[in-house]
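Observations on the three-dimensional arrangement
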Amino acid sequence: MRRLAFVLAVLVLTVLSQIGGAVLILAWLLGRAVLPRGRLRGLAILALFAVLYAAATWAVIPPLAALAGRVPLPCRAEPGHPVAAGSPLYCLLNRNYVDPRLVPLLDALAAAMDQVHPGTVTLYLDANFPFLDGMPLAPHLSHDDGRKLDLTFFYADPGGSYRPEALRSRIGYWAFEQPGPDDPQPCAEPRWLTLRWDMTLLQGLYPDRPLEPERTRAALTWLLAEGPRFGLEKILLEPHLVRRLGLSSPLLRFQGCRAARHDDHLHLQIAP
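Residues numbered from 1 in each chain as written. Predicted model: local features only at pLDDT ≥ 70, side-chain atom pairs only at ≥ 80, totals over all residues. Heavy atoms only, no water.

**Things to note about the side chain of Arg-261**
Relative to the helices and strands, Arg-261 is located in the loop between β7 (252-253) and β8 (266-270). Accessibility expressed as a relative area gives 6% for Arg-261, which makes it buried. Reaching out from Arg-261, the side chain makes a polar contact with the side chain of Asp-198 at a distance of 2.9 Å. Here Asp-263 takes part through its side chain, which lies 2.7 Å from a polar atom of the side chain of Arg-261. (Helix = DSSP H or I, 4+ residues; strand = E, 2+ residues; numbered from the N terminus. Buried < 20%, exposed > 50% of the residue type's maximum accessible area, 1.4 Å probe, protein only. Polar contact = N/O pair within 3.5 Å; in protein donor to acceptor, adjacent residues only side chain to side chain.)

Encoded structure:
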């Protein structure tokens, strides 16, 4: 059972963070080599794993990833640079790496939003892992080559006032903007073998935090107008939100009914 638990831990950490499984194996090998047998060795190995993982995440992985053609996005907003991760988990799990060409696109978008709407912070969610084209970022079907990035919508309080750096769900996903009865609903019919999860049981748990349409529309309008200069290839967004926000562009795409919903975030993709 211990061996099975160890193997499962390695697999889960690899799926979540790419490097976590390898770091756990290294911590286990070092612990077995230098620590005496006993009840506390397991705890000592876990502590060693935490130290090694933190050191790898913040000091070792970034320069190695740069050699592989990917760079980390900033985790927190700073004065003059209003970009941040929607949750610390994305940085902690090394899911904040992108092709360097995505950085100026995100920076220019955030600067434009802050100029038009001072105090606006642009938040991102899942990006990509630091290494290996072709290894997808679960549960996404893509996010496997550094060219993809998810952004959050902008949200308001129940009175309609913008809430900086606010999300509806803690991780930014699965709090869907539901279509109205007259909105296009191309996936109304149930389907098998699909990743389009409605998460119906979760929807009532999220706070009353409506979409802030002015900033969300402004961000999309800027991306559609200026994004191609930075190599923007497409944006995935649900048809009912495209219509609600009054947008039209060949860059706006529907991902289909077998992929995850895109009315809880924006999916950006730059060209190869």
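**Describing the side chain of Arg-95**
Tracing the sequence through the fold places Arg-95 in the loop between α4 (88-92) and β3 (97-98). If near-sequence neighbours (up to four positions away) are discounted, Arg-95 is found in contact with Val-15, Leu-16, Tyr-90, Leu-125, Asp-126, Ala-127, Asn-128, Phe-129, Leu-137, Ala-138, Pro-139 and His-140. (Contact = heavy atoms within 4.5 Å.)

**Describing the packing of helix α5 (residues 102-116) against helix α7 (residues 213-226)**
Between α5 and α7, whose axes approach to 10 Å, the crossing angle comes to 135 degrees. With respect to each other, α5 and α7 are oriented oblique. Classified by chirality, the crossing of α7 by α5 is right-handed. Here α5 contributes Leu-105, Ala-108, Leu-109, Ala-112 and Met-113 to the contact with α7, which in turn contributes Arg-215, Ala-218, Ala-219, Trp-222 and Leu-223. The class makeup of the residues in the contact of α5 with α7 is nine nonpolar, no polar and one charged. (Axes fitted to C-alpha atoms, helices over the stretch in contact; angles between N-to-C directions. Parallel < 35°, antiparallel > 145°, perpendicular 65-115°, else oblique. Left-handed = near helix turned anticlockwise from the far one by under 90°. Nonpolar A, V, L, I, M, F, W, Y, C, P; charged D, E, K, R; others polar.)

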